[in-house]
Every structure is written in C-alpha cells, then in structure tokens.
Amino acid sequence: MYTTLERLGRDGLLAHEVVSQSERPDKKVYVLTKAGRKELKEWLAAPSRLDLDLRNETFIKLMVARRLPDTDPLEIVASERRACFERLHEISLTRAQAEKDGEALSMRLLLDLAVLRLEAFLKWLDRCEEVLRKESQR
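Since the structure is predicted, the reported quantities are computational estimates derived from the model, not experimental observations.

Let us look at helix 3 (residues 57–67). Taken as a whole, helix 3 has its buried residues at T58, L62 and A65. The arc enclosing the buried residues of helix 3, seen along the axis, measures out at 70°, which places them on a common side. Exposed side of helix 3, more than 90 degrees from the buried face: E57 and R67 are the residues found there. Here the buried face of helix 3 lies against helix 4 (73–100) and helix 5 (105–136). Between the side-chain oxygen at the start of helix 3 and the backbone nitrogen of T58 there is a gap of 2.8 Å, and the oxygen is on N56.

Below you can see the structure in the form of structure tokens.
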C-alpha cells in the first residue's frame, strides 16, 4: 500500500532529499517537481465538486414518516430544528471565540462554512414544514 507521498513521488509530482540531523534521525524534505507544480496549479484552478449530500438522513426520516399513519413528520421537523439550532449556537460561540482569540483565518473560515451550512439546513427545514402543512390540508 502506497502512502500519499510515495504515490506522488511514483507519479513524478514530488521529490525528496534526506537531510542529516545531528541529534535526531535523518529526515526527508519533500519538494514539488515541475510536473507537481503544474498539477497543483491545474487543481487549484479547477472548480471543486460540490458535495450535495443527497442521502440526507433527515430527508429519509421525513419521507418514511409521511407514509406511517401514526407518525407526524412535522414532529420530526421540529426535533431536527431544535438540534440544528443547538449545533448552530455551539458553532457560533466557537466562531466568536476564534475571532476573539485571533485564531488562524483557515479556522475562522471553516467555522463560517459550518454556520452557513446550518443556516441553510434550517431554511430547508422551514421549506419542509411549509410543504408538509400544505399537504396535510388537502
């Protein structure tokens, strides 16, 4: 089984040299090859595949609950909304603390992504509730 570094070296994208250290074991120092820099540049320029996570567990619960006579899908929406608000609160506090502590930009941006995803999920739950209520009025 190749490690990622071995695979990159085998593919000609990465090279290394062994550097001697007096009080520690020798270490490998890796550097991108010309081909590796080209590949990296192409990867950075290409848009990422958006992960839509269409196998969402909440969605499955709602679809199953709609078919069961003794289950109210709106209760599932309410439960999921509460849990989402709790998680959003936790992440928002963590994000505020990260800002206060001067955490790295990378950490703050990841926390922003988490907040925005949770807000989008809450918006989707609102939409589910709206549609389910209309359906039940028929």
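You can see E80 is positioned in helix 4. Its relative accessible area of 16% is what places E80 among the buried residues. A polar side-chain atom of E80 sits 3.4 Å from a polar atom in the side chain of K61. Residues in contact with E80, not counting those within four places in the same chain, are T58, K61 and L125.

Analysis parameters
Residues numbered from 1 in each chain as written. Predicted model: local features only at pLDDT ≥ 70, side-chain atom pairs only at ≥ 80, totals over all residues. Heavy atoms only, no water. Buried < 20%, exposed > 50% of the residue type's maximum accessible area, 1.4 Å probe, protein only. Helix = DSSP H or I, 4+ residues; strand = E, 2+ residues; numbered from the N terminus. Arc of directions from axis to C-beta. Contact = heavy atoms within 4.5 Å. Polar contact = N/O pair within 3.5 Å; in protein donor to acceptor, adjacent residues only side chain to side chain.

Interpretation in functional terms is not warranted from these geometric data alone.
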